[in-house]
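Next come the chains, spelled out residue by residue.
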Amino acid sequence: MSSTTTWKRRPFPLTQPLTTFRWEVRSDRDGVQAIGECPQCRCVTKNVIKLVQHVTKGPAKPLRDLDASGEPRYAMCECATWHLDRPDGVSDGCGASFYIALPPGGLSL
């Protein structure tokens, strides 16, 4: 994508999870990775989801439990493209956050 695309914080709604991401199991220790096109800047982005999700309140949840629920996963653009006006401390992405739908058959963990 063009390096002249401006960085902009933009959330996409949970009601429109993306279904075009490809899911890959990395390893038992490293979790799974979703690769696809960012809905804002159209760059390829990757999101890694660990097998154990740490939460701020309550116990950590294993990814297998979250996969069984079938709920879309929250993700942020983490593309390597340089975007104008990116704030200090933000090293990648265009500022978009979105939800990724799990594959119809679930993840093969």
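In this text, all values refer to a predicted model and were calculated from it rather than measured experimentally.

Asker: Quick question: what am I supposed to make of the overall build of the protein chain here?
Answerer: Of regular secondary structure, the protein chain possesses 1 helix and 8 strands. Scanning the protein chain from its N terminus toward the C terminus, one meets helices and strands in the order β-β-β-β-β-β-α-β-β. Burial statistics for the protein chain: of 109 residues in total, 38% are counted as buried. In the protein chain, of all internal contacts separated by at least 6 residues, the share reaching a separation of at least 24 is 59%.

Asker: Honestly, the sheet that holds strand E1 (residues 10–11) in this entry has me stumped. Any pointers?
Answerer: Strands pair in a sheet through their backbones, by hydrogen bonds, and they do so in one of two ways: parallel or antiparallel. Ordered by their spatial adjacency, 3 strands build an open sheet running E1-E8-E7, and the pairing between neighbours is mixed. With partners counted over all chains shown, the strands left at the sheet margins are E1 and strand E7 (73–76), one partner each. Summarising the sheet, E7 and strand E8 (residues 96–100) pair through 4 bridges and their orientation is antiparallel. Within E8, the position partnered with Ala-75 by the bridge is Phe-98.

Asker: Even after reading the chapter, I still don't get the pattern of salt bridges, so can you show me in this structure?
Answerer: Pairs can form between side chains of opposite charge once their charged atoms are near each other. With the rule as written, the count across this model stands at 2 salt bridges. Among the salt bridges present, the one from Arg-22 reaches Glu-24, with a minimum N-O distance of 2.9 Å. We note a salt bridge from Arg-42 to Glu-37, for which the minimum N-O separation is 3.5 Å. A residue is classified by how much of its surface remains accessible, and Arg-42, at 47% relative accessible area, is partly exposed.

What counts and what doesn't
Within every chain, residues take consecutive numbers counted from 1 along the sequence as written. With the structure being a predicted model, the display of local features is reserved for residues of pLDDT at least 70 and the display and counting of side-chain atom pairs for 80 or more, all residues being used for whole-chain, interface and lining totals. The basis for every side-chain value is the complete set of heavy atoms in the structure, and neither hydrogens nor water enter the calculation. Here a strand is any run of E in DSSP of at least two residues, a helix any run of H or I of at least four, and the numbering for each starts at the N terminus. Burial status follows relative accessibility: with a 1.4 Å probe on protein chains alone, a residue under 20% of its type maximum counts as buried, one over 50% as exposed, and anything between as partly exposed. Whether two residues are in contact is decided by their heavy atoms, any of which lying within 4.5 Å being enough. The rule for pairing is simple: two strands pair if DSSP sees at least two bridges between them. We define a salt bridge as a contact between a side-chain nitrogen of Lys or Arg and a carboxyl oxygen of Asp or Glu at a distance within 4 Å.

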